[in-house]
Amino acid sequence: MPKALERKLKAEAKKKGLKGKRADAYVYGTMRKTGWKPGK
């Protein structure tokens, strides 16, 4: 699920006009809000 969610969020970020680090931050932050935890 996280991979599919990540792809969807990247597309959303692009739609919002975000690029580079700002887009990455949007994806990471939104995934964290859903309860996802990064692997070690």
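These numbers come from a predicted model, not from an experiment.

A. Broad picture of the environment of Met 31. With respect to the helices and strands, Met 31 occurs in helix H2 (residues 20-33). Met 31 gets classed as buried once you look at its relative accessible area, which sits at 3%. Separated by 25 residues in the primary sequence, Met 31 and Glu 6 place their C-alpha atoms 7.6 Å from one another.

B. Fine view of the packing of aromatic side chains. What the rule picks out here adds up to one aromatic pair. Aromatic side chains Tyr 28 and Trp 36 sit 5.9 Å apart centroid to centroid with 90° between the ring planes, which places their arrangement in the edge-to-face category. Residue classification places Tyr 28 among the partly exposed positions, given a relative accessible area of 43%.

C. Seen up close, the environment of Thr 34. Mapped onto the secondary structure, Thr 34 falls in the segment after H2. When the C-alpha positions of Thr 34 and Asp 24 are compared, they lie 16 Å apart, and in sequence the two are ten residues distant. Of the polar contacts made by the side chain of Thr 34, one reaches the backbone oxygen of Met 31; its length is 2.6 Å.

What counts as what
Residues numbered from 1 in each chain as written. Predicted model: local features only at pLDDT ≥ 70, side-chain atom pairs only at ≥ 80, totals over all residues. Heavy atoms only, no water. Helix = DSSP H or I, 4+ residues; strand = E, 2+ residues; numbered from the N terminus. Buried < 20%, exposed > 50% of the residue type's maximum accessible area, 1.4 Å probe, protein only. Phe/Tyr/Trp six-rings, centres within 6.5 Å; stacked < 30°, edge-to-face > 60°. Polar contact = N/O pair within 3.5 Å; in protein donor to acceptor, adjacent residues only side chain to side chain.

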